[in-house]
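Structural overview
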Amino acid sequence: MNTDTLYNERISLLKTRLKLLEDKPEETYDSTLRALWFAACGKPQSAESAMMQDLPELNEECVTILDELIHRRINNIPLAHITNRTRFMGIEMKADKRALIPRKETEILSKRALEISFKFPDANVIDVCCGAGNVGAAIAFYNPGARVYVADLSSEAIELAQENIDLLDLNERVKVMHSDLFEKFMNDDFFQKVDLVTCNPPYISSFKVSKMNSEIAENEPDLAFDGGMLGIKIIQRLIRETPQLLSPGGWLVFEVGVGQGTMVMNLLIKSGLYSNVDSVSDNQGNIRVVLAMKK
Ligand SMILES: C[S@@+](CC[C@H](N)C(=O)[O-])C[C@H]1O[C@@H](n2cnc3c(N)ncnc32)[C@H](O)[C@@H]1O
């Protein structure tokens, strides 16, 4: 079958059978089909990367595989779990069931954190709740002076984070740790020595986690979303525990859920532990990142 006909038929199928998710705006019908097309011929890549390259011709065997992959996607398996690829801050990384699929919105956090990291000659950075390792990996990738520790409570997530650090050849400057928030950092090696703490914490209230879209709920770990009864369990710990680690003039930068920004900024101010409390909003004007400097 000619490539155009094949493409148009599969796009029509996706349009009638697949519901796109708002929190993965890079996944359109075209980018989904293109990513599956590349995966079917053994060249897996993210949806964004697949949009930048010419599609290869598919032989009969690859068309059969493509149709199987489309079937899986239509049956709610996330695209990144089928291709095992995602793209974060322009970097191709591995993604799978072991951790949250990095979201585009988290690039707001990474970009701001990266800018702050350049204020320090050899920034000493901790990224907690690291999941696939994307935030810490992006800082180390773009700031060659940064030394980064990435840590998570989930053993599965840190396995994946380590694979991403290996893939990006960042082992010399990024260390992966298993830690309940700062548990493994509460010692003299880190007290007052960290220039930047980053975090994309779980911030959805437990009640809302139970009502999440089934594609997300069935395929991504609850631990990545569940922020306790009010959604701010980890954020409260972050605000309380980070100052012990920060060097004078060090920064805490973290993502918050839509609608949480003002309340979280007030918590930072009320704690009396920080100055320069600030925020970064998305294109719709929602505060999505909150930052503060140690007093
Ligand atoms: C929203 S996900 C963020 C993952 C990744 N940083 C990203 O941006 O895609 C939150 C992460 O926090 C981790 N987590 C939850 N509770 C934690 C805790 N007490 N200590 C460390 N990590 C925790 C989860 O395992 C999950 O990987």
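It should be emphasised that the depicted structure is a prediction, and the values quoted were computed from it without experimental measurement.

Criteria and thresholds
Residues numbered from 1 in each chain as written. Predicted model: local features only at pLDDT ≥ 70, side-chain atom pairs only at ≥ 80, totals over all residues. Helix = DSSP H or I, 4+ residues; strand = E, 2+ residues; numbered from the N terminus. Buried ≥ 20, exposed ≤ 12 C-beta atoms within 10 Å, placed from the backbone. Contact = placed C-beta atoms within 7 Å. Near = placed C-beta within 6 Å. Nonpolar A, V, L, I, M, F, W, Y, C, P; charged D, E, K, R; others polar. Core = buried A, V, L, I, M, F, W, Y, C linked by C-beta atoms within 7 Å. Domains from an automatic or database assignment. Pairing = 2+ DSSP bridges. Axes fitted to C-alpha atoms, helices over the stretch in contact; angles between N-to-C directions. Parallel < 35°, antiparallel > 145°, perpendicular 65-115°, else oblique. Left-handed = near helix turned anticlockwise from the far one by under 90°. Right-handed = clockwise from strand over helix to strand, strands pointing away.

Further remarks concern the overall build of the protein chain. Secondary structure assignment for the protein chain yields 12 helices and nine strands. The dimensions of the protein chain, computed from C-alpha atoms along their principal axes, are 65 × 40 × 30 Å. Buried residues in the protein chain amount to 43% of all 295 residues. In the protein chain, the share of contacts with a sequence separation of at least 24, taken over all contacts with a separation of at least 6, comes to 65%.

By nearness alone, 23 residues border the ligand, and Cys129, Gly131, Leu153, Ser154 and Asn200 come closest of all. Here the residues of the shell around the ligand sort into 16 nonpolar, five polar and two charged.

Summarising the element assignment, Arg147 is placed in strand S4 (residues 147–152). Given 17 C-beta atoms within 10 Å, Arg147 falls into the partly exposed group. Contact partners of Arg147, with chain neighbours within four places excluded, come to Asp122, Asn124, Val125 and Arg173.

Of all hydrophobic cores here, the largest spans 80 residues; its most connected members are Leu36 and Val253. Among the elements that line this core, the one with the most residues is helix H2 (residues 29–40), at seven residues. Shared between two domains, this core holds at least three residues of each, these being domain 1 (3–83) and domain 2 (106–294). Ignoring any residue separated from it by four or fewer positions in sequence, one finds Leu36 in contact with Leu66, Leu69, Ile70, Arg73 and Ile82.

Below, the discussion takes up the environment of Ile77. Within the fold, Ile77 resides in the loop between helix H4 (60–74) and helix H5 (79–83). Residues in contact with Ile77, not counting those within four places in the same chain, are Arg72, Ile82 and Asn219.

It is worth spelling out the domain arrangement of the protein chain at this point. Taken domain by domain, the protein chain comprises domain 1 (3–83) and domain 2 (106–294). For domain 1 and domain 2, the distance between their C-alpha centroids amounts to 32 Å. Contacts between the two partners involve five residues from domain 1, matched on the other side by five residues from domain 2. For the side of domain 1 that touches domain 2, a count of residues per class yields three nonpolar, two polar and no charged.

All right, on to the sheet that holds strand S6 (residues 194–199) then. Reading across the sheet, the seven strands line up as S5-S4-S3-S6-S7-S9-S8 and stay open at both edges, with mixed pairing between neighbours. Edge strands, defined here as strands with exactly one partner in the open sheet, are strand S5 (174–178) and strand S8 (274–281). This sheet shows a mean twist of 15 degrees between the axes of neighbouring strands, independent of strand direction. Two strands pair when backbone bridges link them, and strand S3 (residues 124–128) and S4 are joined in this way by five bridges, in the parallel orientation. Among the inter-strand pairings, Val128 is bridged to a residue of S4, identified as Ala151.

In this section: the packing of helix H1 (residues 3–17) against H2. Where H1 meets H2, the closest approach of the two axes is 10 Å, and the angle between their N-to-C directions is 120 degrees. Regarding the angle of H1 to H2, the classification is oblique. Once H1 is placed against H2, the crossing between them reads as right-handed. For the pair H1 and H2, contact is made by Tyr7, Arg10, Ile11, Leu14 and Lys15 and by Tyr29, Asp30, Thr32 and Leu33, respectively. Residue composition of the contact of H1 with H2, by class: five nonpolar, one polar and three charged.

Right, let's talk about the pairing of S3 for a bit. Of all five residues making up S3, five are buried, and the element is well covered by its neighbours. In S3, alternate side chains face the same way, and those of Asn124, Ile126 and Val128 on one face and Val125 and Asp127 on the other are all buried. In this view, the connection linking S3 to its parallel neighbour S4 by way of helix H7 (residues 134–142) has right-handed handedness. By the bridge criterion, four bridges tie S3 to S6 in an arrangement that is parallel.

So, about the pairing of S6. Burial analysis of S6 places six of its six residues in the buried class, which makes it a mostly covered element. Bridge count for S6 against strand S7 (residues 246–255) is five bridges, and the pairing is parallel. If you follow Thr198 over to S7, its bridge partner there is Val253.

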